[in-house]
Structures are given as C-alpha cells and as structure tokens.
Amino acid sequence: MIRHCALLVAAAFGLTTLAEAQLTGPVTPPPAVAAVAAAPSESLPVFDGPPAPVAPSTMTRDEMGRATVRAVRLAEPLEIDGRLTEPVYASVSPFGGFIQIEPKPGEEATEKTEIWVTFDRTRVYVSGRMWDSDPEHIIATELRRDNTTIYQGNDILAFALDPFYDRRNSFLFITTPAGARMEGQTSNERQYSGDWNPVWEVKAGRFDKGWTFEAAIPFKSLRYRQGGQLWGFNAMRVKRSKNEISFLTKLPPARGQLAMQQMSLAATLVGLEPPSNSRPLDLKPYVTSSLSSDVNARPRPTSNKGDANVGLDAKYSLTEGLTGDFTVNTDFAQVEADEQQVNLTRFSLFFPEKRDFFLENQGTFVFGGVSVGGQGSDAPVLFYSRRVGLNSGRIVPLRAGGRVTGRAGKYSIGVLDIQTGDDVFSGTRPTNFSVVRLKRDILRRSAVGLLATGRSIAASGSGQAMTYGVDGTFGFFQNLVINTYWARTRTDGIRGDDRSYLGQLDYTADRYTVQLERLAIGDNFTPEVGFVRRDDMRKSNALFKFTPRLQGSRTIRKLSYQGQVNYVENGKGRLESREQSLEFGINFLNGDVLAVEGTRSYEYLPRPFAIAPGVTLPVAGYGFENLRVNYNMSQQRPRAANITLEHGTFYNGHKTTMTFARGRAQITSRLSMEPTYSFNKVSLVQGRFTTHLTGSRLTYAMTPLMFASALVQYSSSADTVSVNARLRWEYQPGSELFVVYNEERDTLRPSVPGMLNRALIVKVNRLFRF
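The paragraphs below set out a description of the structure included in this document.

So, how was this worked out
- Residues numbered from 1 in each chain as written.
- Predicted model: local features only at pLDDT ≥ 70, side-chain atom pairs only at ≥ 80, totals over all residues.
- Heavy atoms only, no water.
- Helix = DSSP H or I, 4+ residues; strand = E, 2+ residues; numbered from the N terminus.
- Rg over C-alpha atoms; globule rule 2.2 N^0.38 Å.
- Buried < 20%, exposed > 50% of the residue type's maximum accessible area, 1.4 Å probe, protein only.
- Polar contact = N/O pair within 3.5 Å; in protein donor to acceptor, adjacent residues only side chain to side chain.
- Contact = heavy atoms within 4.5 Å.
- Phe/Tyr/Trp six-rings, centres within 6.5 Å; stacked < 30°, edge-to-face > 60°.
- Lys NZ or Arg CZ within 6 Å of the ring centre and 35° of its normal.
- Core = buried A, V, L, I, M, F, W, Y, C linked by side-chain atoms within 4.5 Å.
- Pairing = 2+ DSSP bridges.
- Salt bridge = Lys/Arg side-chain N within 4 Å of Asp/Glu carboxyl O.

## Details of the overall build of the protein chain
Point 1. Looking only at helices and strands, one finds six helices and 44 strands in the protein chain.
Point 2. A compact globule built from 770 residues would reach a C-alpha radius of gyration of about 27 Å, and the protein chain, at 27 Å, matches this within 12%.
Point 3. Taking the principal axes of its C-alpha atoms as reference, the protein chain extends roughly 80 × 60 × 55 Å.
Point 4. Taken over 770 residues, the protein chain has a buried fraction of 53%.

## Describing the environment of Y224
Point 1. Within the secondary structure, Y224 is located in the loop between β12 (210-218) and β13 (231-239).
Point 2. A sequence separation of 95 residues divides Y224 from T319, and the C-alpha atoms of the two residues are 9.8 Å apart.
Point 3. Only 2.7 Å separates the side chain of Y224 from the backbone oxygen of P275, close enough to count as a polar contact.

## Quick look at the environment of A640
Point 1. Residue position: A640 is located in strand β36 (residues 639-650).
Point 2. Judged by its relative accessible area of 5%, A640 is buried.
Point 3. Those residues within four positions of A640 in sequence are excluded, and the remaining contacts are M633, S634, Q635, R662, G663 and R664.

## Some thoughts on the packing of aromatic side chains
Point 1. Taken as a whole, this structure holds 25 aromatic pairs when the rule is applied.
Point 2. Plain terms: the ring middles of F624 and F650 are 5.8 Å apart, the flat faces sit at 65 degrees to each other, and that makes the pair edge-to-face. In this pair, F624 sits in strand β35 (residues 620-632) while F650 sits in strand β36, placing the two residues 26 residues apart along the sequence.
Point 3. Note on F624: relative accessible area 14%, which makes it buried.
Point 4. The class for F650 is buried, based on a relative accessible area of 8%.
Point 5. Across the ring face of W200, the terminal group of R181 is positioned such that the distance to the ring centre comes to 5.3 Å.
Point 6. Sitting over the ring of Y604, R574 keeps its end group 3.7 Å from the ring centre.

## With respect to the nonpolar core
Point 1. The biggest cluster of nonpolar side chains holds 36 residues, and the ones touching the most others in it are F159, F173, F213, L222, F233 and L248.
Point 2. Of all the elements in the fold, those that place two or more residues in this core are β2 (67-70), β5 (113-119), β6 (123-131), β7 (156-162), β8 (170-175), β12, β13 and β15 (267-270).
Point 3. For this core, the leading source of residues is β12, giving four residues.
Point 4. Core analysis: the second largest hydrophobic core is formed by 31 residues, F367, V370, V381 and V568 among them.

## Looking at the sheet that holds β5
Point 1. Strand order across the open sheet formed by five strands is β3-β5-β6-β12-β11, with mixed pairing between neighbours. The sheet is open, and its two borders are formed by β3 (72-73) and β11 (201-207), each paired with just one other strand.
Point 2. As paired strands, β11 and β12 are joined by seven bridges and run antiparallel to one another. When the bridges of β12 are listed, R206 appears paired with W211.

## A few points about the pattern of salt bridges
Point 1. What the rule picks out here adds up to 44 salt bridges.
Point 2. Shared partners join several salt bridges into a network, and the residues in it are R145, E183, K284, R728, E730 and E736.

## Quick look at the environment of P380
Point 1. Mapped onto the elements of the fold, P380 is located in the loop between α6 (356-359) and β19 (390-391).
Point 2. Between the C-alpha atom of P380 and that of R578, which follows or precedes it by 198 residues, the distance is 20 Å.

See the structure below:
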C-alpha cells in the first residue's frame, strides 16, 4: 500500500528517487550573503541587501530596517544558570532595538531587551536580559512545559531559528521569568505544531531591574545544511502587564504574537560554525507496568489484571534535512484523557490528537491549508491520526511503525507507515495504515503538493480504502493567502460522488479582514484515515471584519465589527443550512475581550434527528435566532475564564446555554486549578432536557520538568464521572518517568457510582543519544 502511494506521488512530481529530489537545493542566498556566511567571524565583508556586521558589532540594520545579527564563538561552554555572569556578556555587545506591534505598531519598545547568540563545538546558545521599569509586575504563573498559559498569560521571551534559511519554516523556543519552556515548529509561515519536544536546556534569573535567561540547544536537536551557514533568526518579547508585544525586526501587526511565524521578515544570522552533521541516532527504550480492570472486557475479569510491556522508539538523521522515526510496540499510557464535549448538532465532534508519536512533525501532513487541529472548519482533514490505534473508544495496539519527515531542497516530505494489531471487543482486525505527503515550495511564500493515504482494511471491516489529492497554498504580499485543494476517495464497495474541493481566500490585515470560501464534499467522500464533520454539502461562506484602533483611549485598544454569511446546500441543490451573523467586539488594553453576536439560522433536517434520549425532531425546515454574549478574560489574571451566555429559539423551541471555559485560578505560584462548566437547557415541542458537563484540572508544578495533575470530569449526557491523574518527571534531558491513574464510573447507580474501568500505570523511558 505505501509503495503504491509513494510511486503515485513520485510520478506526479517527476521524481523517481529521493536523490533526485535532493538535487533541488535549499533557498540559495545572494552570492555576497553566502560570502559572509563562509567568512571567518572576525572579518565579515559588506554585501548587498541586509548589511553584514563588522566585528565587534553584533547587529546592523539597513535603511529598510532589515537586520543582520552575528553569532560569537565561545572558547568554553556556558554554565546554564540564567545569571549572565560569564565574561562574554561584558565583552560582546548584545543586539536589541525591539519594535512594537502592540499596542503602538512600529514604535520602539518601551522596555529594553538585550540578546546574545553564541555557540561552541556542540551547542548554540541564546541568552537575554529583559530590563523592566516595573519589575514588581513581572508575570510568571506557569511552570508546566508546553502549557498554553505560558504563551497567553505570562511574560515571555521567544526566539525562532531557521537553519535552512528558506524564510518559511522555523523552530520556536519560548521561556519565561520562571524558566518555563515551550517549543514548536512552524511550516510555511502558517502551520504551527507545538508538540515538537527536542532536547534543550533553559534557566531564568532575576535582577533588580528585570529578568534574564540562558538557553542551550544541542546542534543534534536541529537540522541544518552543510557548508557555509546562514540562518534566519527572530526574537519576540511580551511584557504582559502592559500587553506590549515587540520583535527584533519590524513585522505587520495583524497577526499579533503569531507574527513570530513570518520568517520571511526575520533577521539574518551569520557567523555560526556548527559541526558537520554526523547523522545522530537517538534510541529511547521504555518499560511499563500496569494494573487494570474493565467491566466491558470479554471475558469479564473477576479481579484486577496485571501486565508489563517493553518497546522502543528510535530517531535517525537520514540526510541533513530528513529524519527517520521508528517505533516498536508503541505505548501511549502517559497520554492525558480527552476533554469531554456536548453535541447538540447532527454532525461529528472533533477530538484533538494527544499522542506524542503522531504529534511530532504533524504540520508536515497538513493538506489544503486546513488547520492541524481541524476545528472551526467544515473542510475535511485527510490525515486524522486518531484513526490509527483507536476504534470506538477502544485502544488498538500499535505493533510497529515508521515515519520519514523533513526537507530535500525545495521539497517537504512526509511518509508514514503503521501496522496495528486487533481488538476483539471493538471488532478491529490487524490493519496497515500509510500516508505519503510531498510538497514543493514555489514563489516566495507559496507551495503546491500531493497527499495520499491508505488502509489495508476499510473501517467497515472488509476491502481497502485510499484517499489522494492535490493542494496549493499561495501567499501574496504580507496579508493575502489563497488555499485550494481537490481530493478523491476510493473505498471498495462505494462508487460515485466521492470528490471534494476547496477554494478559500483570506485577507487578514490589522484594520480589515475578508474571507471567502467555496467548499464541496461528496456524499460518498470517505477518507478512512481522515475526518469529515459533514458530507454531502456545497458550502459558500463570506466574512468581513473591520477593526479600528482607538489611539486616545486609556481602556480600549480596538473595536471589531464583523458580518458573516454561511450558505450550505446538499448535492441535489436543496438548502440545508443558512446562517447570518453580526458581531461587535471590544479589545481592552488589559487583554480582555467582550463580544456580542446575533445570529439568524435556518436548518433543514433530511431525516429524523435524535437530539437527546426520548427527544427526536421530525424531518422539516427550522428557522431560529440566537443572541450570544462572550467575555474572555486575559490569561495574565490570577483568576480568568472565558464566559459565554446564549439564549434564543432552537428548532421548534428555545435553548439557553451558559459556558465557563478556559477557567484558571492561581492558588499559589506552583498550584493552579482550571475549572470548566457547560450548561444547556432545551425546550422543544417533542420534549425538554438539560445537559451538564463540568470538570476541573488541578496541577502542581514542582519544577519546569516535573508536575502532577488530575483531570476530573462529569457528563450528564454520558452518565459518567472520570478521573485522569498523572505525574510526569523529566529526570534527565529527554528521559521521563510517568505514573498514571485512570478511573471511570457510571453515575446511574442509585448510590455510589459503579465502576466501569480503572488502571494504574507506571512507565519509564530513557534517551540514549549517539
């Protein structure tokens, strides 16, 4: 199957071997720039374009504001303690001059930031001193690695590296005054994946006028070209108490903190002399031990079942740009449980991927510009990794798998092959899953590509299934993006109306936003390694938004006026959905956002819809109206939440909704609680019902590398209460210990909720790097 997919993709691009793909090298810098990269760091010649710094200067800007920065070689490795006490910080000038995009785009940052880039034989170092005129209000409330509160609610310093200097893709590193860390990968300046977890080290410190940090990234954790080195580099600072966002280079303000992804406008980093790529090999064996009980298992257990397992993950650099990942007897016991959802629509719910093997390099397989998360869009996700190893809520064992991802010249390549085992309870047979993705960069910010997926046994249990398609993402100027794709599925026993296509225009500027979309999905379009929320549809969508800034206001940053129209027909031309909405919003200077939206909708039900137990809506067309008020508190607050109130007509009755989402209460500097609550009260001609969904995550972070958390959830729709408790400790870089306890109970029992399943799991892995 995978060979068939690979040959299809290779033939379409005219590639017969991987070596031929590598003949098209990475973006070639101008000759003068290449000369700078190859020259010794003590003597850097001048070149056209961004001027080269002359030693001992570490930064220069040209008349257009384009920056060039220089890395400095160290005689001895830095001690990573966050204190900046080594002599290099006194003898080498830092670079700075950060430029705001919020709240005053284009003006000099109000707080001084100093950055150094240095390196030795094995690591590249990025260090910084963040001066602060109000150090008492430095915000650093989160220690847990990769938690979104770091990015959305803390003071941060982020830096991005573009080792291939293709001006499109980058590795992003983030830290805070508490030394918390995040990292991720950006593809084509748009698709971001925060689930890349390389080995690196960072420590932060404080001084009387601000805070400092030191970060060390092993060259083995990065991919880069051989020979003369030119890298892209940018840095972002967020001063949260002022909600001030500033960058090393001048960037358009429309994307806010996401402007960090625009490497085409980043600085040029010269002077680096990394070691020749020695094809590093990472081996990570693991061992697990568990004790579990499941009343749904067959035969039904009479006591707790003990089990033990071993497995191996491996990573090898095949070329300077391609990495191979291999896994045997894969285990995901440490993964946090899904957050439950309430569904009052007739369409499928989307649950995000949380398993590390599938999360890493997930952006490589993005197709048609559709978000990696797949949420907020009716466009299908052609590769939805939760189809692999999961079925009907049951875990299906992954026997072995491999993945190759990376770049070969102007091509981005992704190949995945996984073999799963069987599961008697869900009726799952051993199945092979394969995915091939090939994308070629064109123009300055555009790309075209192919994607093919296949499974040896269709979800129905017989026959094979395949999906293939072509797509293009075209970026023009700074703010205009056009996404398009065409795709088709082939499943044994299903023929006709099996195509899908998308044409989408997105113009997003600071003041105006225009989005136009045309999407079609056939009734038999069934990507069996993908996700389709809604099929048999022809959708037209238009959105217009105006966001003026209020320069003289002391409380309001900008206003927002938005209108949107959605029109959906089925394949026979019958109107099924229509939605018209108007929204007014206020963005406050403190980061809070208030939005009021009025919506008028029409929904045709082509078949009876069982919306709740004992409540079924008949075939008919329904018109209804809804008013929504939302207040989203900034995550920098010690106590914050996203609160939504809705009321209006609903089908042939009424609905009232209250949602308390993204709640967070900082109890101490290390202990936090994240409560959520959703309430729906629905009154229809066919009956009434109420839903409650509540939960809370309690987290205690001992250090940035060790935390314990517990997620407790109750759903009245599912009549269950569940607990997922986890301890994670990265006891050395890349090596982890997990202790996990899961429990689910049935709340329909008259007294104490009855046990459905529970498990206690201990997992240890160890990274060996060669």
